[in-house]
Amino acid sequence: KETGHCFYGPYETYFKRPLDFALAFMTLIFLSPVLLLAALLVKVKLGSPVIFTQERPGKDEQIFRLYKFRTMTDERGADGKLLSDEERLTDFGKWLRATSLDELPELFNILKGDMSFTGPRPIVEVELEKYAGQKEKFLSLKPGLIGYWQAYCKPSTTYSERVEMELYYIENESFWFDIRIFFKSIATVIRKAIVAI
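First, a word on scope: everything that follows refers to the structure included in this document.

Attention now moves to the pairing of strand S4 (residues 63-69). With 7 bridges joining them, strand S3 (residues 51-57) and S4 adopt antiparallel strand pairing. Counterpart to Pro 57 in the pairing with S4 is Ile 63.

Below, the structure is given as structure tokens:
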């Protein structure tokens, strides 16, 4: 079918959703001990709530609620002062982000159909301004747990380059491209985890 700018063949139209569901379900079962341990550590380190939720724009501008492990303290400090995001991000939260463990609850978003295993990474609504006239194209696919930009970006990658990479993925989406991104993402996560440890 054609949505806005892009033409999607049988893979996107018929096969990707069943593959997403099966892979997310199997990953949740396989990583359930990791999820439980991470949830326990968040509870001990940061208290409740364990899961952070936030509204994000999804495919065709449908708003969905994204799930992540909480990485920040409350908005106000002990003295009642409003804290910046940088001040709220704890050392434990930084470690969760560095190892990508904070993103594991997004597997439930995949099961619900809000997200895909691979796709452009979900952004907050204000970031859509960065896509300007390409916003419709960017929102023509479901956001992904992993993506081309996330797997291949470098520390020096600018947001403009990120936009180009996300749109490149949308224009070239295929089963084999997703497989490539999947294995590259595993290598990237392992490398970041080793550095974080």
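Moving on, we come to unusual backbone geometry. The peptide bond linking Ser 48 to Pro 49 adopts the cis configuration, its omega dihedral lying at 0 degrees. With respect to the helices and strands, the residue Pro 49 is situated in the loop between helix H2 (32-46) and S3. Phi angles above zero are rare outside glycine, and Asp 60 is one such case at about 55 degrees. Inspection of the secondary structure assignment puts Asp 60 in the loop between S3 and S4. Its identity as a non-glycine residue notwithstanding, Ser 100 has a phi of 65 degrees, on the positive side. You can see Ser 100 is positioned in the loop between helix H4 (91-98) and helix H5 (106-112). What makes Ser 100 buried here is its relative accessible area of 15%.

Turning to the nonpolar core, a few remarks are in order. The biggest cluster of nonpolar side chains holds 36 residues, and the ones touching the most others in it are Val 42, Phe 69, Leu 107, Ile 110, Phe 138, Tyr 169 and Ile 181. If we ignore the near neighbours within four places in the chain, the residues touching Ile 110 are Arg 17, Asp 20, Ala 24, Met 115, Ser 116, Phe 117 and Leu 145.

Along the chain, Asp 102 falls in the loop between H4 and H5. The side chain of Asp 102 is buried and forms no salt bridge, while Lys 68, the nearest opposite charge, is found at 4.0 Å.

The next point concerns helix H8 (residues 159-172). Taking 1.5 Å of rise per residue, the 14 residues of H8 would be expected to cover 20 Å, and the 20 Å separating its terminal C-alpha atoms lies within 8% of that figure. When H8 is considered as a whole, its buried residues turn out to be Arg 162, Val 163, Met 165, Glu 166, Leu 167, Tyr 169 and Ile 170.

Attention now goes to a nonpolar patch on the surface. Taken together, the side chains of Tyr 14, Phe 15, Leu 19, Phe 175 and Trp 176 make up a nonpolar region of the molecular surface, amounting to roughly 620 Å² of accessible area. Going through the elements one at a time, helix H1 (10-30) and helix H9 (175-196) are the ones with two or more residues in the nonpolar patch. Considering every element that reaches the nonpolar patch, the biggest residue donor is H1, with 3 residues. Assignment of secondary structure puts Tyr 14 in helix H1.

Procedures and definitions
Residues numbered from 1 in each chain as written. Predicted model: local features only at pLDDT ≥ 70, side-chain atom pairs only at ≥ 80, totals over all residues. Heavy atoms only, no water. Pairing = 2+ DSSP bridges. Helix = DSSP H or I, 4+ residues; strand = E, 2+ residues; numbered from the N terminus. Buried < 20%, exposed > 50% of the residue type's maximum accessible area, 1.4 Å probe, protein only. Core = buried A, V, L, I, M, F, W, Y, C linked by side-chain atoms within 4.5 Å. Contact = heavy atoms within 4.5 Å. Lys, Arg positive; Asp, Glu negative; His and termini not counted. Salt bridge = Lys/Arg side-chain N within 4 Å of Asp/Glu carboxyl O. Expected span 1.5 Å × (residues − 1). Patch = residues over 30% accessible without salt bridge, like charges linked within 9 Å, V, L, I, M, F, W, Y side chains within 5 Å. Areas by Shrake-Rupley, 256 points an atom, 1.4 Å probe, with all protein chains shown as cover.

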